[in-house]
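Structural overview
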Amino acid sequence: MSQMAENFGPQGLLIVGNLPFLDPQLHSHFANLAKMYGPILSLLLGGKISIVISSTDMAHELLKENDVIFANRDVPTVVTVMEYGGHDIVFTLYRPKWRMLKKCMRDMLGHTTFDAFYSYRKQEIRNTIKYLNDLKGSPVNVDGNEKASIGAKFRQMLVEITDLMGKRNISNFFPSLYWLDLQGMKKQMKGTIVKLVRIVEFDRESKDFLQVLLQLRTGGATKTPLTMNHIKVLLVVCMVVGGTDKTSTMVEFAMAKMMYKPQVMIKAQQELDTVIGRDSLAEESYKGKLPYLKAIMKEVLWLHPVLPLMNRVPKGARMFVNVWAIHRDPAIWKHSMEFILERFLIDKEDHSGNDFSYLPFGSGRRSCAGLAMAKRIVMLSLALLVHCFDWKLPTGRKKMPLVAVPMP
Ligand code: HEM
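Residues numbered from 1 in each chain as written. Predicted model: local features only at pLDDT ≥ 70, side-chain atom pairs only at ≥ 80, totals over all residues.

Re the overall build of the protein
Helix and strand content of the protein: 17 helices and seven strands. Residue burial in the protein is summarised as follows: out of 408 residues, 36% are buried. Looking at the protein alone, contacts between residues at least 24 apart form 71% of all its contacts between residues at least 6 apart. (Helix = DSSP H or I, 4+ residues; strand = E, 2+ residues; numbered from the N terminus. Buried ≥ 20, exposed ≤ 12 C-beta atoms within 10 Å, placed from the backbone. Contact = placed C-beta atoms within 7 Å.)

Topic: the sheet that holds strand E4 (residues 309-312)
Overall, mixed pairing links the four strands, which are arranged E1-E2-E5-E4 in an open sheet. Of all strands in the sheet, those with a lone pairing partner are strand E1 (40-45) and E4, marking the two edges. Each adjacent strand pair in this sheet contributes to an overall mean axis angle of 25 degrees, direction not counted. Taken strand by strand, helix H2 (residues 26-37) contacts E1, strand E2 (48-53), E4 and strand E5 (317-322), and its axis lies near 90 degrees from that of E5. (Pairing = 2+ DSSP bridges. Axes fitted to C-alpha atoms, helices over the stretch in contact; angles between N-to-C directions.)

Digging into the nonpolar core
The biggest cluster of nonpolar side chains holds 72 residues, and the ones touching the most others in it are Ile53, Ala254, Met255, Ile296, Met297, Leu382 and Ala383. With 11 residues, helix H17 (residues 371-388) is the single largest residue contributor to this core. Residues in contact with Ala254, not counting those within four places in the same chain, are Ile296, Met297, Val300 and Leu382. Val78, Ile161, Met185 and Met189 belong to the second largest nonpolar core, which has seven residues in total. (Core = buried A, V, L, I, M, F, W, Y, C linked by C-beta atoms within 7 Å.)

Examining the confidence of the model for the protein
Per-residue confidence for the protein averages 80 on the pLDDT scale, and 78% of its residues sit at or above 70. Below pLDDT 50 for its whole length, residues 1-6 participates in 13 contacts with residues either more than four positions away or in separate chains. (pLDDT = per-residue confidence, 0-100.)

Let's talk about the UniProt feature "binding site: heme" (unreviewed entry) in the protein
UniProt feature "binding site: heme" (unreviewed entry): in the numbering of this structure it lies at Cys368. As for its position among the elements, Cys368 is in the loop between helix H16 (342-346) and H17. When near neighbours in sequence (up to four residues on either side) are disregarded, Cys368 contacts Phe361, Gly362 and Ala374. (UniProt positions renumbered as here; feature names shortened; annotations may be inferred.)

Overview of the pairing of E4
Covered by surrounding structure in E4 are Met310 and Arg312 only, the residues Leu309 and Asn311 on the alternate face being uncovered. Sheet topology note: the E4/E5 ladder contains four bridges and is antiparallel. Bridge pairing links Leu309 to Asn322 in E5. The loop that links E4 with its antiparallel partner E5 comprises four residues; one of these, Gly316, has a positive phi angle of about 75 degrees.

Quick word on the environment of Tyr37
With respect to the helices and strands, Tyr37 occurs in helix H2. The exposure class of Tyr37 is partly exposed, given the 19 C-beta atoms found within 10 Å. Taking the C-alpha atoms as reference points, Tyr37 and Pro10, separated by 27 residues in sequence, lie 8.0 Å from one another. Dropping the residues within four chain positions of it, Tyr37 is found in contact with Phe8 and Gly9.

Describing unusual backbone geometry
At Asp181, a residue that is not glycine, the phi angle is positive and equals roughly 45 degrees. By C-beta crowding, Asp181 is classed as partly exposed, having 19 other C-beta atoms within 10 Å. One non-glycine residue with positive phi stands out, namely His335, at about 45 degrees. Turning to its location among the elements, His335 is positioned in the loop between helix H15 (323-327) and H16. Note on His335: 9 C-beta atoms within 10 Å, which makes it exposed.

Below, the structure is given as structure tokens:
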């Protein structure tokens, strides 16, 4: 594969290859290169060949036909600080330990466990609604995380971690320079992770998930032993870092889209009024009955995939599936740069990764372990935010985090 790909792509410089020419918005930069060089292109980034796939057919070949060969990910060097020596499910190699962690995630997020925590989840989201109600008429952060200082700090840390993982770090391309920590990212990551672990230890919902994990540990439910380090990683990295930031980003994007297209918000409110009524609050049990709101979620997942470049590593190379470009393939998607959610009102749902033109949660063995949880949380949050308030954008606002005014 790497030999074939070496023939396709822009010429780079000696040693550093194409690195100096990369645009910070890698997904759109790669999409533009794909227009020139085709749906498979190769770049030399630092010492390694990187192959970028930008078509549905190739994504199918890679993620379905050759799923096992491409079942590993490239580990950003800063991550080695946060994963307690390699226990993290997202970056761990496709080996028995990964299977054990994935099983634990399935047990933690299975319908029974997840349903058992519904009352906490509902209470948390309703607390946010109450907080917004107290502040109606004033600008607020739409994700509600400013409501307590701990929430604001928490969100700030997640943003820091996600930024550090996504930043162009010289030691990702030249691993021999890692120990020098030239950009100070390793040190920064270490500090943030320690603070985050402290907060999570006080978080109530995590403690309930902790109970499930402790039962798995004592019950010997997995062949590979589940250590306390695994438990910390499952809670902190997989649940908190992996999940929280992505779901709140999705809610923010969806709210922003509706504020720019007020007719969409009005239609969503009409649907909620009809299905739930003006005097009741949305519950997770309504999820199958709100096709318009669901289409908003699907459209936002399609237009703004949280992982626009999915990363896989075959031996000796680095591989990116450009989900952002695939979602904009004009041969498959009409008006592929626009927010037209009617396309998802008629389409059948497939978040499972079997439709290779729609991959917001990835595909194959390494697809998102929190899919069901994410969909439930995003739907419930959107339903409550839109049903309880009208929203408008204040003047002179920042783009992110989204600040808006809830109106009664
Ligand atoms: C809207 C919210 C979310 C989106 C869009 C999303 C998307 C993704 C994507 C694209 C991947 C990579 C898939 C691949 O490489 O094929 C992934 C992996 C993962 N996600 Fe999510 N995710 C979300 C929420 C969550 C939540 C809430 C959790 C946990 C509670 C979670 C846990 C994970 C884990 C553990 C992995 C790694 C799985 C593995 O490597 O085996 N995600 N997610």
